[in-house]
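Remarks on the overall topology
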Amino acid sequence: MRANISSSMHVSSSSAVDIRSDDTCHIRLTLAGTNVDKYPAKQHARKVATKLGVTAGLIYLVGQAAINWEDSDQPPPFRQRRYFYYLSGINEPDCYLTYDIQADLLTLYVPDFDLHLAIWMGPTLTVDEAQNQTDVDRVRYFAALQHDIECWASKYNASYPIYILHDDQKPVSPSSRLQLNDEKLLPAMNAARTIKGEYEIRMIRQANYISGLAHRKVLESIHRMSTEAEIESSFLATCVSHNAKNQAYPIIAGSGENAAVLHYVKNNEPLDGRQLVCLDAGAEWKCYASDVTRTIPLWTDWPSDRAKNIYQIVEDMQEECIGRIRKGVRFRDLHLLAHDIAIKGLQRLNIFTDDNLSKIYESGASAVFFPHGLGHHVGLEVHDVSERPITALGGRQACWSSPSFGPLIDDGSWSAPLLEEGMIVTIEPGIYFNRLALLNARKQPAAKYINFEEAEKYIPIGGVRIEDDILVTAEGYENLTTAPKGEEMLEIIRRGIDNS
Ligand code: GLY
Ligand code: MN
Ligand code: MN
């Protein structure tokens, strides 16, 4: 017996249950009049208004337009503007949105019907279809937009501004000069997006679930793969077959020395002779990201003591930091704790001298091996926006995309933000032996703490990163990432070989 329960629910009539003669029971449940799966755009709009700190004004947002590549009749893959999606839940081109703060009225504008487009590409979103996807108050066609804005402006714009994100995303009004504000909306939306709601958590959980399946599938069949490209294509195939067509970021499948290149995306080298592969890959689900890294041995077990030892240090860094997550904790302190564990571990391996730990710590030498931040927010962007950067280090930000070199001094800036319930952050420590980074480090003052002869023996390992997405809860945390790691990961690799 198989039961299919559709996600849009109407328990309306006896026809909702359909028992077929082939012994298959199909149940279609519909909860009429509820917002079960609608995007919570209204809740987001109110949250943004609260963060703006005003009781009147008009928020105006422009969705991503349909465009073609330069000098081409072909479009790039469509990507909705994330600020627009946050207030609309609509992943279609050429849409607009207004939120009248005083009237608490959220209006979405969808493209006018275009016969030519409908014949070639399929019809664009109708008002009814949009209304089923999102809980905005009303959906209108684009044709009504200018008139609606003019009406609002003639009544209120002398007293209250139209809030826009950027100067090039302003409404056009031939009949009046509009009073605009392009400074307050962006920070207000960043602040609102920092804390995830129940719906958003569900989407990020689902993105993680699919990423988990895809990582698992790679582990099961890694013994049959001979190139980085096969790893990438296996990961993609699992995601797409689960309807996750988009990746949250380009897949990183770096084997050997490539594992030490943080944004390695060529994924075009053979695995032969390599010890580890660092697979940083996360599916996107309904515009929400997951961000997952696993470092996988390319042998039945750890290919060398060196590889195993580095994995264990990074595992320790991750477990210690995840275990401390709770609201009120300064994320920056976890970042510094991870460095502390890395230094002690690398001292045990004779990669750092046995100088006093705090001297090494203050020299910044550990950033040669762990050059990126411990983590970042995850949401509509993989490196999601926030009110303030979570790993701010004395005016510098240690995030994934801007490596934090220099001394790791806790400058006593207690203003660094604290974790709050509803935040989703990655914990992604790493230790890398990048040939160029080591060469460059030889010229730095911190060089005196590094045993380069020993460190260079680890270059063939490349690096290890382990990355999970963690939800801060009322009681502590929940790890949303389901991809196997550690001993469970090794077991799956072994089973894959045994079953082949
Ligand atoms: N995938 C990029 C990152 O881990 O931040
Ligand atoms: Mn990340
Ligand atoms: Mn990642």
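Residues numbered from 1 in each chain as written. Chains lettered and ligands numbered in written order. Predicted model: local features only at pLDDT ≥ 70, side-chain atom pairs only at ≥ 80, totals over all residues. Heavy atoms only, no water.

The protein is annotated in an unreviewed UniProt entry as Xaa-Pro aminopeptidase of Aspergillus avenaceus. In its Function (unreviewed entry) section, the UniProt entry covering the protein states "Catalyzes the removal of a penultimate prolyl residue from the N-termini of peptides." As its UniProt record puts it under Catalytic activity (unreviewed entry), the protein is described as follows: "Release of any N-terminal amino acid, including proline, that is linked to proline, even from a dipeptide or tripeptide." (UniProt positions renumbered as here; feature names shortened; annotations may be inferred.)

Quick notes on the sheet that holds strand S11 (residues 276-280)
Strand pairing in a sheet is mediated by backbone hydrogen bonds. Such pairs are either parallel or antiparallel. Overall, antiparallel pairing links the 3 strands, which are arranged S10-S11-S14 in an open sheet. Every interior strand has two partners, whereas the edge strands, strand S10 (252-255) and strand S14 (293-297), have only one. Taking the axes of each pair of neighbouring strands and ignoring which way they run, one obtains an average angle of 15° across the sheet. Bridge count between S11 and S14: 5 bridges; the pairing is antiparallel. By the bridge assignment, Leu 279 is partnered in S14 with Arg 294. (Pairing = 2+ DSSP bridges. Helix = DSSP H or I, 4+ residues; strand = E, 2+ residues; numbered from the N terminus. Axes fitted to C-alpha atoms, helices over the stretch in contact; angles between N-to-C directions.)

Describing the coordination of the manganese ion (ligand 2)
Around the manganese ion (ligand 2), the protein supplies Asp 291 (OD), His 376 (NE2), Glu 428 (OE) and Glu 467 (OE) as donor atoms, at distances of 2.0 to 2.1 Å. Around the manganese ion (ligand 2) sit 6 donor atoms, and with donor-metal-donor angles ranging over 54 to 155° the site reads as irregular. Ordering the donors of the manganese ion (ligand 2) by residue number gives the pattern D-x84-H-x51-E-x38-E. Separation of the manganese ion (ligand 2) from the manganese ion (ligand 3) amounts to 3.4 Å, with Asp 291 serving as a shared donor to the pair. (Donors = N, O, S within 2.8 Å, 3.2 Å for Na, K, Ca; no water. Tetrahedral: all angles 85-135°; square planar, octahedral: opposite > 155°, others 65-115°.)

Digging into the sheet that holds strand S5 (residues 96-100)
Strand order in the open sheet formed by 6 strands is S7-S6-S5-S4-S8-S9, with mixed pairing between adjacent strands. Both edges of this open sheet fall to strand S7 (138-141) and strand S9 (180-181), since each of them pairs with a single strand only. Pairing analysis gives 5 bridges linking strand S4 (residues 58-62) to S5, with the strands arranged antiparallel. Bridge assignment links Leu 58 to a residue of S5, and that residue is Asp 100. Contacting S4, S5, strand S6 (105-110) and strand S8 (162-163), helix H1 (residues 41-52) runs over the sheet at an angle of about 60° to S5. Against the sheet, helix H5 (residues 145-156) engages S4, S5, S6, S7 and S8, with an angle of about 25° to S5. (Contact = heavy atoms within 4.5 Å.)

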